[in-house]
Amino acid sequence: MPRITFLPHEVVCPDGATVEAESNESILNVALRNNIPIEHACEKSCACTTCHVIVRKGFDSLDDASENEEDYLDKAWGLESESRLSCQAVVGDEDLEIEIPKYTINMVSESH
């Protein structure tokens, strides 16, 4: 069973965490199941960038991003070559190390 290590994030996961994951489960679902509240304004429909994460280890074990995901990633704050939308990145058989960016672009909260 693969493990995901979430690196410390000041607000979302201050101490970091290492959790068990199921293969074929999205990184976002693993996080939420383990009380790591990664923002997901579009409710996991690949229609925003609020669940953007950076895969520091294990990136090559993930399936390629779809064209739609790539289009949204282009709009993400702090985009890196190992960036993915956690609602779309599905865990394979390898352990992952995930960094949650300090900021997200959330049109909903910015408009209030």
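Preceding this paragraph is the structure being described.
What you see is a predicted model, and the numbers here were worked out from it, not measured in a lab. Sequence order as written defines residue numbering, which begins from 1 separately in each chain. Since the coordinates come from a predicted model, pLDDT governs what is reported: local features require at least 70, and pairs of side-chain atoms require 80 or more to be given and counted, while whole-chain, interface and lining totals use all residues. Values shown for side chains rest on all heavy atoms present in the structure; no hydrogens or waters enter the calculation.

**Some thoughts on the pattern of salt bridges**
(1) Moving on: Salt bridges are defined by distance alone: a side-chain nitrogen of Lys or Arg within 4 Å of a carboxyl oxygen of Asp or Glu. The tally for this structure, following the rule as stated, stands at six salt bridges.
(2) Moving on: Note that Arg-33 is salt-bridged to Glu-25, the shortest N-O span being 2.8 Å.
(3) Moving on: In this structure, Arg-84 and Glu-69 form a salt bridge, with 2.8 Å as the shortest nitrogen-oxygen distance. Of the two residues, Arg-84 is situated in strand S4 (residues 83–85) and Glu-69 in helix H2 (residues 67–73); the sequence distance between them amounts to 15 residues. In this description a helix means any DSSP run of H or I spanning at least four residues, a strand means any run of E spanning at least two, and both kinds are numbered starting from the N terminus.

**Some words on the sheet that holds strand S3 (residues 52–57)**
(1) Moving on: Strand pairing follows a simple DSSP-based rule, namely that at least 2 bridges must link the two strands. Strand order across the open sheet formed by five strands is S2-S1-S5-S3-S4, with mixed pairing between neighbours. The open sheet has two edge strands, strand S2 (17–20) and S4, and neither has a second partner. The average angle at which neighbouring strand axes cross in this sheet is 35 degrees, direction not considered.
(2) Moving on: As defined by bridge partners, strand S1 (residues 3–6) adjoins S2 across four bridges and the pair is classed as antiparallel. Each residue of the ladder has a partner; that of Thr-5, found in S2, is Thr-18. Between N-to-C directions, angles cover 0 to 180 degrees, with each direction set by a line fitted to C-alpha atoms, over the stretch in contact for helices.

**Things to note about the side chain of Glu-97**
(1) Moving on: With respect to the helices and strands, Glu-97 occurs in strand S5 (residues 96–99).
(2) Moving on: Whether two residues touch is decided by their heavy atoms; if any such pair falls within 4.5 Å, the residues are in contact. The contact partners of Glu-97, leaving out residues within four places of it in the chain, are Thr-5, Leu-7, Ile-54, Val-55, Arg-56 and Lys-57.

**A short note on the packing of aromatic side chains**
(1) Moving on: Within 6.5 Å between ring centres, the rings of Phe, Tyr and Trp (the latter by its six-membered ring) count as paired, and their orientation is classed by plane angle as stacked under 30 degrees, edge-to-face over 60, tilted in between. Scanning the entire structure with this criterion turns up zero aromatic pairs.
(2) Moving on: The positively charged end of Lys-75 is found above the aromatic ring belonging to Tyr-72, 4.7 Å away from the centroid. Whether a charge sits over a ring depends on NZ of Lys or CZ of Arg being within 6 Å of the ring centre and within 35 degrees of the ring normal.

**Section: the side chain of Thr-50**
(1) Moving on: Tracing the backbone shows Thr-50 in the loop between helix H1 (27–33) and S3.
(2) Moving on: A distance of 2.9 Å separates a polar atom in the side chain of Thr-50 from the backbone nitrogen of Ala-41. Throughout this description, a polar contact denotes any pair of N or O atoms lying within 3.5 Å of each other; where both atoms belong to protein, one of them has to be capable of donating a hydrogen while the other can accept it, and for residues adjacent in sequence the pair is counted only when both atoms sit in side chains.

**Comments concerning the nonpolar core**
Within soluble globular proteins, side chains that are nonpolar generally end up buried alongside one another.
(1) Moving on: Residues Ile-4, Phe-6, Ile-27, Ile-36, Ile-38, Leu-96 and Ile-98 are the most contacted members of the largest nonpolar core, which totals 25 residues.
(2) Moving on: If you list the elements that add at least two residues to this core, you get S1, H1, S3 and S5.
(3) Moving on: With four residues, H1 is the largest single contributor of residues to this core.
(4) Moving on: Once residues within four sequence positions are removed from consideration, Phe-6 is found in contact with Cys-13, Gly-16, Ala-17, Val-19, Ile-27, Ala-31, Ile-36, Ile-38, Ile-98 and Ile-100. In plain words, nonpolar cores are sets of buried Ala, Val, Leu, Ile, Met, Phe, Trp, Tyr and Cys residues tied together by side-chain atoms within 4.5 Å. The rule is simple: take the accessible area with a 1.4 Å probe, protein chains only, and divide by the maximum for that residue type; under 20% is buried, over 50% is exposed, in between is partly exposed.

**Some words on the pairing of S5**
(1) Moving on: In terms of strand pairing, S1 meets S5 through three bridges, oriented parallel. Residue pairing for S5: Ile-4 is matched across the bridge by Leu-96.
(2) Moving on: With three bridges joining them, S3 and S5 adopt antiparallel strand pairing. Paired with Val-55 across the two strands is Ile-98, which belongs to S5.

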